[in-house]
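# Structure at a glance
Given next are the chains, with one letter for each unit.
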Amino acid sequence: MTAGLYIHIPFCPQICGYCDFYKVAHRGEAQVQSYLNSLKKEILLYSREPRIQNLTFETLYFGGGTPSLLSASEIHKLIELVFCRFQFAGNLEVTVETDPGTVDLPKLQAFRAAGVNRLSLGIQSFQDDELKFLDRTHHSDEAIATFEMARRAGFENISIDLMFGLPGQSLSDWEKNLQTAVKLAPEHISPYCLTFELGTPLMNKLRKGLVQKPLDARPRAMYLRAIDFLGGCGFEHYEVSNFAKAGFRSRHNLKYWDGSPYLGLGASAHSFWEKRRFWNVRHLKKYHGALASGCLPIEGEEFLTLEKERLERIFLALRQRGGLHVKTFEEEQRLPFFENYGAALSKFFDGDFRDEAFTKELINGERTLKSDWLEFHGGHLRLTNAGFAVCDSICAEFL
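Rules used throughout
Residues numbered from 1 in each chain as written. Predicted model: local features only at pLDDT ≥ 70, side-chain atom pairs only at ≥ 80, totals over all residues. Heavy atoms only, no water. Salt bridge = Lys/Arg side-chain N within 4 Å of Asp/Glu carboxyl O. Helix = DSSP H or I, 4+ residues; strand = E, 2+ residues; numbered from the N terminus. Buried < 20%, exposed > 50% of the residue type's maximum accessible area, 1.4 Å probe, protein only. Phe/Tyr/Trp six-rings, centres within 6.5 Å; stacked < 30°, edge-to-face > 60°. Lys NZ or Arg CZ within 6 Å of the ring centre and 35° of its normal. Pairing = 2+ DSSP bridges. Core = buried A, V, L, I, M, F, W, Y, C linked by side-chain atoms within 4.5 Å. Contact = heavy atoms within 4.5 Å. Arc of directions from axis to C-beta. Polar contact = N/O pair within 3.5 Å; in protein donor to acceptor, adjacent residues only side chain to side chain.

Let us now look at the pattern of salt bridges. Per the counting criterion, the structure on display carries 18 salt bridges. Salt-bridge contacts for Arg276 lead to Glu301; the nearest nitrogen and oxygen are separated by 2.6 Å. With a gap of 25 residues between them, Arg276 in strand E13 (residues 276-280) and Glu301 in strand E14 (residues 298-303) connect regions that are remote in the sequence. Owing to a relative accessible area of 15%, Arg276 belongs among the buried residues under this scheme. Arg354 is the salt-bridge partner of Asp352, the closest N and O atoms lying 3.2 Å from each other. Residue classification places Asp352 among the partly exposed residues on the basis of a relative accessible area of 38%. For Arg354, a relative accessible area of 77% gives the class exposed. If you follow the salt bridges from partner to partner, you end up with Arg277, Glu302, Lys308 and Glu312 in one network.

Pasting the structure below:
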């Protein structure tokens, strides 16, 4: 069975106020080495599990935090260790999330020599005032220089993260960021809307009135502009927040969306296989303590019920441009789709989903149906562009 492997590196040079991922301030090499020692213990524990031995990993992803704070030698040693302990496919995708200002040309060349073949650059914006608001440590010229260095280092698969929906950001500002990104000619672009997450410094500023959240219409217009602009520049919109040139979809992230198993290593990392989802502690001291005692640092778990599994299959399929192939869903889940979800569909379409002849035509791709938010085409239920902008709200209707 094929799977994805994720390794979480929580260290950051500075804590960004909007970020809800588990991270800690980088305090020096002793802190890093302590973490890497615990990470190695976790790798060794999992390598002895029979179920892990049956997995073949097709992707390896270093996320964070800021994994590019690690030295190339440290990244290389981790890659060598997991190669020794786990089974990997030949055509492996190895991604390292990289922040501008944390790498130079020799370091990027060493990443490439270590087997890293994909970079995900956390640029977020090409405008310095926006970067300052986001607490990013780099400037726009550093972002461009990092991309160009990555090309010189031999990277042929580079993704750029961008953020829209910032307070005070105009549609024109957002368009400039998109234009600059496309001019660099990356293989992949991931535009994300700024979210105000509970417990973050940004949310605290919002509650104190220090920042103002933009009205929903503005981020929605920015998102739809990204769809139109990037599509016109040859990028395939294959998932809500992901656009790729042909052949350059994120193979690792696709594991999350197609229901494949994945193993997460490191503090706060999540894993999933055999209908079990489990996650590690979000605390360095507890992470170190569990592994020092020879235990896996698992904090919690859940087992998917049949109903939850079906709903997740729908949600994850709708997040992707291809949508949900209804006939395949019915065969795999042994469930009449329209009997169970016709009421939800009736909120979006005019049509009698109790009519067997009508639904049979939809399943077989003999009839198309379209609303502002959803459409049936070729036997697939999928979101329209406007639907992608409110994806979570639409998916919630199936509950």
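What follows picks up the thread again.
Scanning all chains against the criterion turns up 22 aromatic pairs. A centroid spacing of 5.1 Å and a plane angle of 45° characterise the contact between Phe164 and Trp174, whose relative ring orientation is tilted. Taken together, the positions of Phe164 in strand E7 (residues 158-164) and Trp174 in helix H7 (residues 171-184) put the pair 10 residues apart, joining distant regions of the chain. For Phe164, a relative accessible area of 4% puts it in the buried group. On the basis of relative accessible area, Trp174 is assigned to the buried category, the value being 0%. Through pairs of rings, three or more aromatic residues link up here, namely Phe329, Phe337, Phe338, Tyr341, Phe349, Phe353, Phe358, Phe376 and Phe398. Stacked on the ring of Phe155, the Lys or Arg Arg112 has its end atom at 5.9 Å from the ring centre. Here the basic side chain of Arg276 rests over the ring of Phe278, its NZ or CZ set 4.0 Å away from the ring centre.

This part covers the pairing of strand E11 (residues 262-265). Going residue by residue along E11, you find Tyr262 and Gly264 tucked away on one face and Leu263 and Leu265 tucked away on the opposite face as well. Here strand E1 (residues 2-9) runs beside E11; their pairing, made up of four bridges, is parallel. Among the inter-strand pairings, Ile7 is bridged to a residue of E11, identified as Leu265.

A separate point is the nonpolar core. Membership of the largest hydrophobic core comes to 103 residues, with the highest contact counts inside it found for Phe86, Phe337, Phe376, Leu381 and Phe398. Contact partners of Leu381, with chain neighbours within four places excluded, come to Leu318, Gly323, Leu324, Val326, Phe337, Leu345, Phe349, Leu374, Glu375, Phe376 and Phe398.

Those residues of helix H15 (residues 356-363) that fall on the buried side of the exposure criterion are Phe358, Thr359, Leu362 and Ile363. Along H15, the residues classed as buried sweep out an arc of 135° about the axis, all on the same side. Within H15, the exposed residues directed more than 90 degrees away from the buried face are Glu356 and Lys360. On its buried side, H15 packs onto helix H13 (326-333), helix H14 (337-345), strand E16 (369-370) and strand E17 (374-377). For H15, the side-chain oxygen to backbone nitrogen distance between the N-cap and Ala357 is 3.0 Å, and the N-cap itself is Asp355.

Right, let's talk about the sheet that holds strand E18 (residues 380-383) for a bit. Reading across the sheet, the four strands line up as E15-E18-E17-E16 and stay open at both edges, with antiparallel pairing between neighbours. In this open sheet, the two strands that pair with only one neighbour each are strand E15 (324-325) and E16. Relative to E17, E16 runs antiparallel, the two being bridged by two bridges. In the sheet register, Lys370 faces E17, and the bridge partner there is Glu375.

Of the consecutive residues Gly64 and Gly65, the connecting peptide bond is found in the cis state with omega at 20°. Along the chain, Gly65 turns up in the loop between strand E4 (56-64) and helix H3 (72-85). Positive phi outside glycine occurs at Glu274, with the angle close to 50°. Here Glu274 shows up in the loop between strand E12 (270-273) and E13. Classification of Glu274 as exposed rests on a relative accessible area of 57%.

In this fold, Leu92 is placed in strand E5 (residues 87-98). Using a relative accessible area of 10% as the deciding quantity, one classes Leu92 as buried. In sequence terms Leu92 and Tyr18 are 74 residues apart; their C-alpha atoms lie 32 Å from each other. Setting aside its immediate chain neighbours within four residues, Leu92 contacts Phe57, Glu58, Thr59, Leu60, Phe83, Asn117 and Arg251.

So far we have only geometry, and geometry alone does not tell us how the molecule works.
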